[in-house]
Each structure stands twice: as C-alpha cells, then as structure tokens.
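Structural characterization, general
Read off the chains here:
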Amino acid sequence: MKETLMTVTVPTKRRKRRHDGAEFDRAALAALYQHRLATSGQLYELLGPFTTGEGENEQESHNFPAARLRKLRDDGLVDHATRYFPGRTRIWFLTEAGRALAGSFPELLDRVSPSQSVTDAGAQLLAPHTLDVLRTHLAFLRDARRRGDEYQPLDWAPEVYHRLSDRAADAIRADALMRYTVHSPKGRAHLRAFVELDRSTMSSEKLSSKLTAYARYFEYTPVPVHVRGTTEAQGALPAWQDFYPRFPRILFVLTAGSEKTSETTLRNRIEDLQVSAADNARVASFLRHVPAGAATLQDIEAYGATAKVWSSLADPDRSACGWTEL
C-alpha cells in the first residue's frame, strides 16, 4: 500500500535578483533557446524572484520581467502566442534573430536548440508537451531550492539525442537530461537522469518500448568496420561512456493529456511499465545496473520531487521512494 504523504508546505528557498535588465535579457533568451517555449509564469519562476526595495521594504516584483519581455519583443528577439485553454496564457518563444544571438552564448555552445522556427500556430501545437516538460523541470528546481541541493536552470537539457546503431535514424531522444547534486549528511552526490514525460497520448506498449531503447543504448558499442572481429574490437567501450561517468538513471513522469485521463489510468500505465520491464530479458538485465522509476507529475508537484512518490520499475513490490533512492 502506498504511504500517505503530506503536501510540501516548507517555503521554497529562492535566490533574489535585483533589476539588472541585461542579466534578465540574457537569462530569458538562454531559457527560451533551451526549452523552446515557456509561459510568462514559468519564466518568472525559472529566473526569479525579482525584488524591489531594501530590507523590510523588499517585495517581489512581477512588473520588471514583464517589462523586459516586452522590450525583447520590441527588439525582435522574442515573440509570443496566446493560449486560451486552460485560461489565457502567453507562450514565449525566440525569433530567428533571438535564436542566433542566444546560440552564441558560451554557456549554450554545447547545447542544440530545436532547429525549426516557431510560429504562433506552431507554438499552440507544441505547447502541451513542451510546457509539461518545463513544468517537470520546475518541480525539480523548486524542490532543490527548498532542500538546498545544487541544481540550476541550465542543469536540465531538453531533447538529448543518442544513436543506437550505425544508422542515424536509429536513436533515442530523451525528453530531458537532468544533472543534479544532492547534499546529505554523508556528503555530495552527483546524479544524472534521463527524463521521459508521458501525457498518455501513446499506447502503454509504445511507452514501454522506450525502456528497450535505453537498454540498447546501454549495450551499444560502436566498432569501426576495419577492426571488427579483431582483438582490438574486443576492448571497445560502450558509446555512453563517452558522455557519462555512470549511465544516467531513467525517470518516467506521467501526467494527464486530457480531462478524460484519470489517476487510475496513470497508475495503470506505471504498472504496465513494470510488467514490461519484467517480461523483457534485455530490459530486466539493464535495470539490474541502472535505477529506473516512475511517478505522476501531480505527485511530484504536490509532495516534492524527492518525496516517496516514485515506483521502482525493476521491483514492483518495493515501497515508493524518492528518485535519489531508486
């Protein structure tokens, strides 16, 4: 039986920013380059809070970021679309000029921004999944600020691509890669995780196939044609070791894609992932080496990303735990 949880009520620890227009502009362009789309509220939380006054007179300001976004739009670097459901929301994105400028920032030189241009109509179509991925990032960021862990806005890289064979089309594209440093009485622990955001828009079988893809990536060892079958080929290392000191854990975050998607449906999809993992010998072997878990976005937001809301995909009988404990 799942442990009863209490909603997090501890105030979020957030750094305070003064009204430095250039600093905000750069951070906003970097965030949109990285995430493609963001609502006004998401940008405020990602980059803020922004304060006015000193000491006892200090208070949070929403006028400053709104004014800076308007200026960036007037300068032709960003634009926005208006989403009317649920509620009226502005969705911000980079123009081609904004993308070119942000792509020159040193902190983004190793990042790949989606190449396609975003238009008003495109933003509407991309918004549901893209904004929920950013919503997931904010849930981890909120929890890290509360706990005092090391996790910053740029420690989340969306749409990370890795090949699974010699064919470029045969690849995984994780919704995000998260780099997170936990602080505990035992010291600091550097963790990485591939994050998959599921909005219940694909079949459970299709969702489970992502586990198979990660298992294949764990095994994939590219060998040049001219050394195949030789002793040298036997010493080749898996491709993932070119990028990670340890294979990142796998986190599935499930949320409702429509009002018809119930909590029971989400729980069933987690069970389907567990069953699929047990039935597939390759995946079962993979999960003996790599921690993997699933949780609903609603639980993560309500109780905190490190709360005991994660179900192990390798051991369905295990009690729910925090993602760092998988």
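Above this text is the structure in question.
The rules behind each value
- One numbering rule holds for all chains: residues counted from 1, following each sequence as written.
- In keeping with the model being predicted, local features are shown solely for residues with a pLDDT of at least 70 and side-chain atom pairs are shown and tallied solely at 80 or more, while totals for entire chains, interfaces and linings include all residues.
- Calculated side-chain values reflect all of the structure's heavy atoms, with hydrogen atoms and water omitted.
- Only DSSP runs of H or I reaching four residues or more are called helices, and only runs of E reaching two or more are called strands; each is numbered from the N terminus.
- For each residue, the accessible area found with a 1.4 Å probe, counting protein chains only, is set against the maximum for its type, and the residue is called buried under 20%, exposed over 50%, and partly exposed in between.
- By definition, residues are in contact when any of their heavy atoms lie within 4.5 Å.
- Each accessible area is a Shrake-Rupley result for a 1.4 Å probe, and residues are judged covered by the shown protein chains and nothing else.
- The nonpolar core is taken to be a set of buried Ala, Val, Leu, Ile, Met, Phe, Trp, Tyr and Cys residues, with the residues joined through side-chain atoms within 4.5 Å.
- In the sections that follow, a salt bridge refers to a side-chain nitrogen of Lys or Arg positioned within 4 Å of a carboxyl oxygen of Asp or Glu.
- Any two rings among Phe, Tyr and Trp, with Trp reduced to its six-membered ring, count as a pair given centres within 6.5 Å; such a pair is stacked if its planes are under 30 degrees apart, edge-to-face if over 60, and tilted if neither.
- Any Lys NZ or Arg CZ that is within 6 Å of a ring centre and within 35 degrees of that ring's normal is treated as a charge sitting over the ring.
- By definition, two strands form a pair when at least two bridges between them are found by DSSP.
- In this description, a line fitted to the C-alpha atoms serves as the axis of each element, helices being fitted only across the stretch in contact, and the angle between N-to-C directions of two axes falls anywhere from 0 to 180 degrees.

**Quick look at the overall build of the chain**
Within the chain, the secondary structure is distributed over 10 helices and 11 strands. Split into buried and exposed, the 326 residues of the chain put 47% on the buried side. Across the chain, the fraction of contacts at a sequence separation of at least 24, relative to all contacts at a separation of at least 6, is 64%. Carbon and sulfur atoms make up 50% of the accessible area of the chain, which totals about 16700 Å².

**Looking at the nonpolar core**
One finds Phe 140, Met 178, Leu 251, Trp 310 and Trp 323 to be the most contacted residues of the largest nonpolar core, which totals 52 residues. Ignoring anything within four residues of it in the chain, the contact list for Met 178 reads Phe 140, Tyr 151, Asp 155, Trp 156, Leu 191, Arg 192, Ala 193, Val 195, Leu 251 and Trp 323. Counting 33 residues, the second-largest nonpolar core is a separate cluster that includes Tyr 217, Phe 218, Phe 247 and Leu 266.

**A few points about the side chain of Glu 196**
Within the secondary structure, Glu 196 sits in strand E8 (residues 187–198). Look at Glu 196 and you get buried, because its relative accessible area is 3%. Non-local contacts of Glu 196, meaning those with residues more than four positions away in its chain, are made with Arg 173, Ala 174, Asp 175, Lys 210, Tyr 214, Leu 251, Phe 252 and Val 253.

**Focus on the pattern of salt bridges**
Taken as a whole, this structure holds 21 salt bridges when the rule is applied. The residue Arg 73 makes a salt bridge to Asp 79 at a minimum N-O spacing of 2.9 Å. For Arg 73, a relative accessible area of 39% puts it in the partly exposed group. One salt bridge connects Asp 143 with Arg 146, and the closest N-O pair in it is separated by 2.6 Å. Taken together, the residues span about one helical turn, with Asp 143 and Arg 146 both in helix H5 (residues 120–147) at a distance of three residues. Overall, Asp 143 belongs to the buried group, its relative accessible area being 3%.

**Observations regarding unusual backbone geometry**
Here the phi dihedral of Arg 36 falls at roughly 75°; this positive angle occurs in a residue that is not glycine. Among the structural elements, Arg 36 can be located in the loop between helix H1 (21–35) and strand E1 (38–39). Looking at Arg 36, the relative accessible area reads 9%, which means it is buried. At Ser 200, a residue that is not glycine, the phi angle is positive and equals roughly 60°. Turning to its location among the elements, Ser 200 is positioned in the loop between E8 and helix H6 (204–219).

**Observations regarding the packing of aromatic side chains**
Scanning the model with the defined rule gives 16 aromatic pairs in all. With 5.4 Å between their ring centres and 85° between their planes, Phe 218 and Phe 247 make a pair best called edge-to-face. Here the residue Phe 218 occupies a position in helix H6, and Phe 247 occupies one in the loop between helix H7 (231–234) and strand E9 (249–254), the gap between them amounting to 29 residues. Judged by its relative accessible area of 8%, Phe 247 falls in the buried class. Three or more aromatic residues joined by ring pairs form one cluster here, namely Phe 194, Tyr 214, Tyr 217, Phe 218, Trp 240, Phe 243, Tyr 244, Phe 247 and Phe 286. Here Arg 26 stacks its cationic end above the ring of Phe 105, 4.2 Å away from the centre of that ring.

**Side note on the sheet that holds strand E10 (residues 292–296)**
What holds strands together in a sheet is hydrogen bonding between their backbones, with the strands either parallel or antiparallel. In space, the six strands of this open sheet follow the order E6-E7-E8-E9-E10-E11, with mixed pairing throughout. Where the open sheet ends on each side, the last strands, each with one partner, are strand E6 (156–163) and strand E11 (311–312). Both E8 and E9 contribute to a ladder of six bridges, which runs parallel. Residue pairing across strands places Phe 194 opposite Ile 250, the latter belonging to E9. Its contacts with the sheet place H5 against E6, strand E7 (171–184), E8 and E9, and it is angled at close to 10° to E7. Along the sheet face, helix H8 (residues 263–279) touches E8, E9, E10 and E11 and points at about 175° away from the line of E10.

**Some remarks on helix H2 (residues 40–47)**
Across the eight residues that make up H2, a large majority, seven, are buried. Among all positions in H2, only Ser 40, Gln 42, Leu 43, Tyr 44, Glu 45, Leu 46 and Leu 47 are buried. Residues of H2 that are buried make contact with H1, E1, helix H3 (63–74), strand E5 (89–94) and H5.

So yeah, pure geometry; function would need other evidence.
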